[in-house]
There are 2 protein chains.
Amino acid sequence: MSFNEDQLHRLFAERFQPRADMLGPGDDCAILINPPQQFCISCDQLISGVHFDEHASARQIAEKLIGRSLSDLAAAGASPYSCTLTCAFPEDYSAEQSFELCNELISVAAWHQLAIIGGDCSSAKQLVLSCTVMGCANGKVPGRNSAKVGGQIYVSRALGGAVHSGRHLSPTPELALGKLLVEKCSPQAMIDLSDGLDNDLHRILRASNVGARVDVDLLPLNKGCDWQQGVSEGEDYGLLIVLDEAVALTIDDVLKEDSHRLYRIGEITTSAKLDYQQNSNSVILDTRPFSYS
Amino acid sequence: MSFNEDQLHRLFAERFQPRADMLGPGDDCAILINPPQQFCISCDQLISGVHFDEHASARQIAEKLIGRSLSDLAAAGASPYSCTLTCAFPEDYSAEQSFELCNELISVAAWHQLAIIGGDCSSAKQLVLSCTVMGCANGKVPGRNSAKVGGQIYVSRALGGAVHSGRHLSPTPELALGKLLVEKCSPQAMIDLSDGLDNDLHRILRASNVGARVDVDLLPLNKGCDWQQGVSEGEDYGLLIVLDEAVALTIDDVLKEDSHRLYRIGEITTSAKLDYQQNSNSVILDTRPFSYS
């Protein structure tokens, strides 16, 4: 191996902040004492050449791995609690590079108050990271299967261009917004925008057995992106939300106090499909849906 | 990608057994309702060319990934509860191969009553699997840092030859024994034998700040292995246990009812080192400690 695995284990154990409700790295298992009653769990991978290229810095790799994992918690309105990490380092990775990456992972996790309670290091042909993130829910978790006809569809930030701009390397998970929405607005459905609005909205529609109309002129778009790029490119890591009509009437006021805002882009329909419209006419999405490969 | 990721996600969601205390795959997060009060968590990786070669079957890969993860729970005396899995498939893996492996993972997990609550699929240059396993503790979890001078050292099965014999591909985690020991014998320390007795006993000695004497003639050895191979080769996946002297006097009777047995191999000493002895003389271990690479 190109690094000293026992030293890395010691690094994680030494940097673990002791807590009464958590026994962290050091034994075969970590132990959580009385974990949250609604305990949210999600996992994600980050792979060199797939999710980032050789120009990405250790900081960016750490921010992307942990940021996109936490984005799943944000979609559940949950707060970060703990995580496990597995790292497979390429043979040509020096011990210094392994230590730098692990230090950045520790630093980014600490910034999000996310305790790293366990991990494993090994070697592979390319850098492969995996993160299982655990969170504490703050109310009824919305999920994807309860969007109802008439529900108003929102996104939390501008869409498109995340990969081209490099923004995908430093995702900012909408943890505060997700928590606020669950506590105050009981969303019908919520999902994080990782694979592009078209893919992710389709997931809600399939799970809820409904359709949707999206007005492409209402889509908030990043600079240089047309609506087709906005809905088909991935890695925006904002939230896609469906709210009751009654809640929608007051949403701007609810969010204003906390300096959040949402963009209404359409509504849930009885149709079995996702209908993009411009000036009340259907328009066709002809871009291939987003995929990493 | 060489497989249909959405279809794989559906496979895991469809095969999930609904439970009142668990919302499994399908949303951004799984949710555990009132998880165990002492919740044990561990993670492990399995990488093609590192932990198995191209001759391993899908069944063996699944048994090794889940078996070695559960072996960490066994060392905590914990029972299987839930797990997350991430899979990176090589480009030349067919959709059929991906489905076969996922089906085997589902089948092996089900056999252990381990609910797969979440996962992620991607692609890589070689097969890389990661598993975070969660368990329910059944008493005070022993750990590694409380071995005391005079403590009696035991192993739960014969040592050595696991890789050469192919046994490493189908590890049988000592879940029932681990649980029984925690419930009835309050071990001073317990660890699973994944990296060879020499490595794993050293971990207990370092964490507990003690030494040990091991009588090499007491070591249970697999056929064809001498004592040096028995203590230095890895992947045995039995348990290494330190018991109070008083408990040691009755351990055979305690375990007999449940058809378990342990092998006493030595005791904890004030010395700062691990001393192998034969006929009361020190003997030197000259084999290189086990490492996957």
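Definitions and limits used
- Residues numbered from 1 in each chain as written.
- Chains lettered and ligands numbered in written order.
- Predicted model: local features only at pLDDT ≥ 70, side-chain atom pairs only at ≥ 80, totals over all residues.
- Heavy atoms only, no water.
- Least-squares fit on C-alpha atoms with pLDDT ≥ 70 in both.
- Contact = heavy atoms within 4.5 Å.
- Salt bridge = Lys/Arg side-chain N within 4 Å of Asp/Glu carboxyl O.
- Helix = DSSP H or I, 4+ residues; strand = E, 2+ residues; numbered from the N terminus.
- Buried < 20%, exposed > 50% of the residue type's maximum accessible area, 1.4 Å probe, protein only.
- Phe/Tyr/Trp six-rings, centres within 6.5 Å; stacked < 30°, edge-to-face > 60°.
- Lys NZ or Arg CZ within 6 Å of the ring centre and 35° of its normal.
- Core = buried A, V, L, I, M, F, W, Y, C linked by side-chain atoms within 4.5 Å.
- Disulfide = S-S within 2.5 Å.
- Domains from an automatic or database assignment.
- Buried area = accessible area lost by both parts, 1.4 Å probe.
- Polar contact = N/O pair within 3.5 Å; in protein donor to acceptor, adjacent residues only side chain to side chain.

(A) Summary view of the relation of the copies chain A and chain B. If you rotate chain A by 180 degrees and push it 0.0 Å along the axis, it lands on chain B with an RMSD of 0.0 Å. The transformation just described matches what one would write down for a two-fold rotation axis. Looking at the interface residues of chain A, 100% of them are also at the interface in chain B, so both copies use one shared face.

(B) Geometry of the pattern of salt bridges. The tally for this structure, following the rule as stated, stands at 30 salt bridges over all chains. Arg59 of chain A is the salt-bridge partner of Glu63 of chain A, the closest N and O atoms lying 3.3 Å from each other. With Glu63 of chain A and Arg59 of chain A both in helix α2 (residues 58-75), this residue pair falls four residues apart, about one helical turn. Residue Glu63 of chain A is classed as partly exposed on the basis of its relative accessible area, which comes to 23%. Among the ionic pairs, Asp195 of chain A bridges to Arg203 of chain A, the shortest N-O distance being 2.9 Å. Just as Asp195 of chain A is buried, Arg203 of chain A falls in that class too. Via salt bridges that share partners, Asp27 and Asp28 of chain A together with Arg144 of chain B belong to a single interconnected network.

(C) View of the packing of aromatic side chains. The final tally for this structure, using the stated rule, is seven aromatic pairs over all chains. Ring centres 5.6 Å apart and planes at 90 degrees place the aromatic pair Phe39 of chain B and Tyr81 of chain B in the edge-to-face group. Highlighted residues: Phe39 of chain B in strand β3 (residues 38-47) and Tyr81 of chain B in strand β4 (residues 79-90), separated in sequence by 42 residues. Like Phe39 of chain B, the residue Tyr81 of chain B is buried in the burial classification. By way of ring pairs, the aromatic residues Phe39 and Tyr81 of chain A together with Phe39 and Tyr81 of chain B are connected into one cluster. Here Arg19 of chain A stacks its cationic end above the ring of Tyr81 of chain A, 5.4 Å away from the centre of that ring.

(D) Up close: the nonpolar core. In terms of nonpolar packing, the biggest core is built from 58 residues, with Cys40, Phe89, Leu101, Leu181 and Leu262 of chain A touching the most fellow members. In terms of residues, this core owes the most to one element, α2 of chain A, which gives nine residues. For Cys40 of chain A, the contacting residues outside a window of four places in its chain are Leu73, Ala76, Ala78, Val133, Met134, Gly135, Ala137 and Val141 of chain A together with Cys29, Ala30 and Ile31 of chain B. Membership of the second largest hydrophobic core comes to 57 residues, among which are Leu73, Ala78, Cys87 and Leu169 of chain B.

(E) Expanded view of the state of the cysteines. All names here are of chain A. According to the stated counting rule, one finds zero disulfides over all chains in the structure shown. Distance from the sulfur of Cys87, which forms no disulfide, to the nearest cysteine sulfur (Cys102) is 4.8 Å. The exposure class of Cys87 is buried, given its relative accessible area of 2%. Just so you know, Cys185 is unpaired, no disulfide at all, and the nearest cysteine sulfur is the one on Cys40, 18 Å from it.

(F) Molecular detail of the domain arrangement of chain A. All names here are of chain A. Taken domain by domain, chain A comprises domain 1 (5-136) and domain 2 (152-280). A C-alpha centroid distance of 28 Å is found between domain 1 and domain 2. Counting from both sides, the interface comprises 20 residues of domain 1 and, opposite them, 16 residues of domain 2. Together, the buried faces of domain 1 and domain 2 total about 1400 Å²; carbon and sulfur atoms form 61% of this surface. Summed over the three residues of domain 1 that lose the most area to domain 2, namely Lys64, Ala74 and Ala75, the buried surface amounts to 33% of that side. The interface formed by domain 1 and domain 2 contains one salt bridge. Notably, a salt bridge pairs Lys64 with Glu235, separated by 2.8 Å at the nearest N-O pair. Between domain 1 and domain 2 we count five residue pairs in polar contact (both at pLDDT 80 or more) in total. Only α2 and β4 (79-90) provide two or more residues apiece to the side of domain 1 that touches domain 2. Tallying contributions element by element places α2 first for the side of domain 1 that touches domain 2, with eleven residues.

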